[in-house]
Amino acid sequence: MKCSTIGINLPVDTRIERLDEALQRYEENGFDAVEITLSGFPLILAGKIQPQVIEYLKPVLERHQLIYSAHVGLAMDLRNLEGMERQREVMFACIDVCAELGLNPVNFHYEEQTRSTAREQAYEQNIRDAADYAAERGIRINVENIETERIEPVLAFLKKLNHPNVGMTLDLGHLWLSSRYFGYDFMQAVRDCAPLVRHVHVNDNSGDFEPMRITNYMMYNTLDLGGRFEYGRGDIHIPPFWGNAPLKEAFAELCGAGFDGIWLLEYYNDRFVPWNAQIQERVRTEIEKNG
């Protein structure tokens, strides 16, 4: 019997007409849940929801016995004072899409803390407003740590916010890179996060931070993914247990703290199709050893 909920991310470049096929394959691989990046489909154009896309996607999703969660697009920047009106428009539209399609929870990146009080206040207010708006629609909000920021500001933000509809998405691959680069204890960080965690992203990497991610993000985005795989450069999102992050220990800590949400395997699964079923089985086995 399945005791844990194991999910997988839908690649952002999945063609909309191939969605049904992709979901069927994930079911056959034994996954229980799928996370959809909202910007992967033309659901929102210039801040406005496209009802014809909702109408197309809804029956496709409903055909499958899967749980669905969501991730906002990487273009969202809730610290962007200069473009705040559109940022908020898209933010609220994302929540409405989740409510229409039954995607729950929805994940927002924390990104990096700035030195601007105004930008930090804007981010806090936007997440608070998103959480209130989402709560009225039955959608939960999570804030995710990224690899270019220490874990302490994320935890401090969530504790300060103290909102009943905001939890943490703990990305273990991001945490591993961040802990190695900034020099803090990975397992202590997992323990510190555990009481706030409502969703987990599970992926692996070599633990080798890519400095270009901070120094030249535009150039970083041009790096060939295959080359980054070969050299283990940065946040490569390879399958769990294909890198060297201490995932077994993290699983044990989170299970011991009572985590019962989705363990979302967030890796470039379109490059690992022949092994996706056994990757799911390995993660489920490791988690349920602690059940």
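Shown above is the structure to which this text applies.
Nothing here was measured: the structure is a model prediction, and the numbers come from that model.

Colleague: Give a description of the layout of surface pockets that names residues and reports values.
Modeller: What the largest pocket holds in volume is close to 1,200 Å³. Around the largest pocket, the lining comprises 39 residues; the ones closest to its centre are L74, H109, Y217, D235 and Y268. If you list the elements that add at least two residues to the lining of the largest pocket, you get strand 2 (33–37), helix 9 (217–220) and helix 10 (225–231). Counted by class, the lining of the largest pocket contains 13 nonpolar, 11 polar and 15 charged residues. Here the second largest pocket defines a volume of roughly 260 Å³. Lining of the second largest pocket is provided by 16 residues; of these, S39, I44, G73, A75 and V90 occupy positions nearest its centre. Elements supplying a minimum of two residues to the lining of the second largest pocket: strand 3 (44–45) and helix 3 (84–101). For the lining of the second largest pocket, the element with the highest residue contribution is helix 3, accounting for four residues. Among the residues forming the lining of the second largest pocket, the class breakdown is 11 nonpolar, four polar and one charged.

Colleague: I'd love a proper account of the sheet that holds strand 7 (residues 141–144), names of residues and values included.
Modeller: Within a sheet, neighbouring strands are paired by backbone hydrogen bonds and run either parallel or antiparallel to one another. Ordered in space as 1-2-5-6-7-8-9-10, the eight strands form a closed barrel in which the pairing is parallel. Put simply, the sheet's adjacent strands are angled 30° from each other on average, direction ignored. The pairing of strand 1 (residues 5–9) with strand 10 (residues 262–265) spans four bridges and is classified as parallel. By the bridge assignment for strand 10, T5 is matched with I262.

Colleague: So what's going on with empty space enclosed by the protein? Which residues, and what values?
Modeller: Across all of its chains, the model carries three cavities of 30 Å³ or more by this definition. Put simply, the largest cavity is a space of about 120 Å³. Lining the largest cavity are 13 residues; nearest its centre among them are V72, M76, D77, H109 and E111. Among the secondary structure elements, those contributing two or more residues to the lining of the largest cavity are strand 6 (106–109) and helix 4 (117–136). The class makeup of the residues in the lining of the largest cavity is seven nonpolar, three polar and three charged. One number sums up the size of the second largest cavity: a volume of about 40 Å³. Surrounding the second largest cavity, L19, I36, L38, F41, L43, L57, L61, L101 and L103 form its lining. Tallied by class, the residues present in the lining of the second largest cavity amount to nine nonpolar, no polar and no charged.

Colleague: For the pattern of salt bridges, give the residues involved together with the corresponding values.
Modeller: Under the counting rule described, the total for this entry stands at 19 salt bridges. Where salt bridges share partners, they join K248, R282, E286 and K289 into one cluster.

Colleague: Account for the packing of helix 7 (residues 186–193) against helix 11 (residues 247–256), with residues named and values stated.
Modeller: How two helices pack is summed up by the angle between their axes together with the distance between the axes. Contact geometry of helix 7 with helix 11 gives a least axis separation of 9 Å together with a crossing angle of 25°. Judged by the inter-axis angle, helix 7 sits roughly parallel to helix 11. The handedness of the crossing between helix 7 and helix 11 is right-handed. Contacts from F186, M187, V190 and R191 in helix 7 reach E249, A250, E253 and L254 in helix 11. Class assignment for the residues of the contact of helix 7 with helix 11 results in five nonpolar, no polar and three charged.

Colleague: Which residues make up the pairing of strand 2, and what are the values?
Modeller: Among the five residues of strand 2, four are classified as buried, and the element is accordingly described as predominantly covered. Pairing analysis gives three bridges linking strand 1 to strand 2, with the strands arranged parallel. Bridging across to strand 2, G7 finds its partner in A33. On the question of chirality, the crossover connecting strand 1 to the parallel strand 2 by way of helix 1 (residues 19–28) is right-handed. Relative to strand 5 (residues 67–71), strand 2 runs parallel, the two sharing five bridges. Within the sheet, the bridge partner assigned to E35 lies in strand 5 and is S69.

Colleague: Kindly report on the state of the cysteines, identifying the contributing residues and their values.
Modeller: Throughout this description, disulfide means a covalent bond between two cysteine sulfur atoms. A complete count under the given rule lists zero disulfides for this structure. You can see C98 has no disulfide; the closest cysteine sulfur is in C94, sitting 6.8 Å from it. Residue C98 is classed as buried on the basis of its relative accessible area, which comes to 0%.

Colleague: Lay out the packing of helix 2 (residues 51–62) against helix 3 in plain terms, naming residues and giving numbers.
Modeller: Contact geometry for helix 2 and helix 3: axes closest at 10 Å, N-to-C directions at 45°. Considering the angle they form, helix 2 stands oblique to helix 3. In this structure, helix 2 uses I54, L57, K58 and L61 to contact helix 3, whose residues at the interface are V97, E100 and L101. A class-by-class count of the residues in the contact of helix 2 with helix 3 yields five nonpolar, no polar and two charged.

Thresholds applied
Residues numbered from 1 in each chain as written. Predicted model: local features only at pLDDT ≥ 70, side-chain atom pairs only at ≥ 80, totals over all residues. Heavy atoms only, no water. 1 Å grid on protein atoms, 1.4 Å probe; cavity = no way out; pocket = protein on both sides within 12 Å on 5 of 7 lines; lining within 4 Å. Points joined across faces, edges and corners; volume = space filled by probe spheres on them. Helix = DSSP H or I, 4+ residues; strand = E, 2+ residues; numbered from the N terminus. Nonpolar A, V, L, I, M, F, W, Y, C, P; charged D, E, K, R; others polar. Pairing = 2+ DSSP bridges. Axes fitted to C-alpha atoms, helices over the stretch in contact; angles between N-to-C directions. Salt bridge = Lys/Arg side-chain N within 4 Å of Asp/Glu carboxyl O. Parallel < 35°, antiparallel > 145°, perpendicular 65-115°, else oblique. Left-handed = near helix turned anticlockwise from the far one by under 90°. Contact = heavy atoms within 4.5 Å. Buried < 20%, exposed > 50% of the residue type's maximum accessible area, 1.4 Å probe, protein only. Right-handed = clockwise from strand over helix to strand, strands pointing away. Disulfide = S-S within 2.5 Å.

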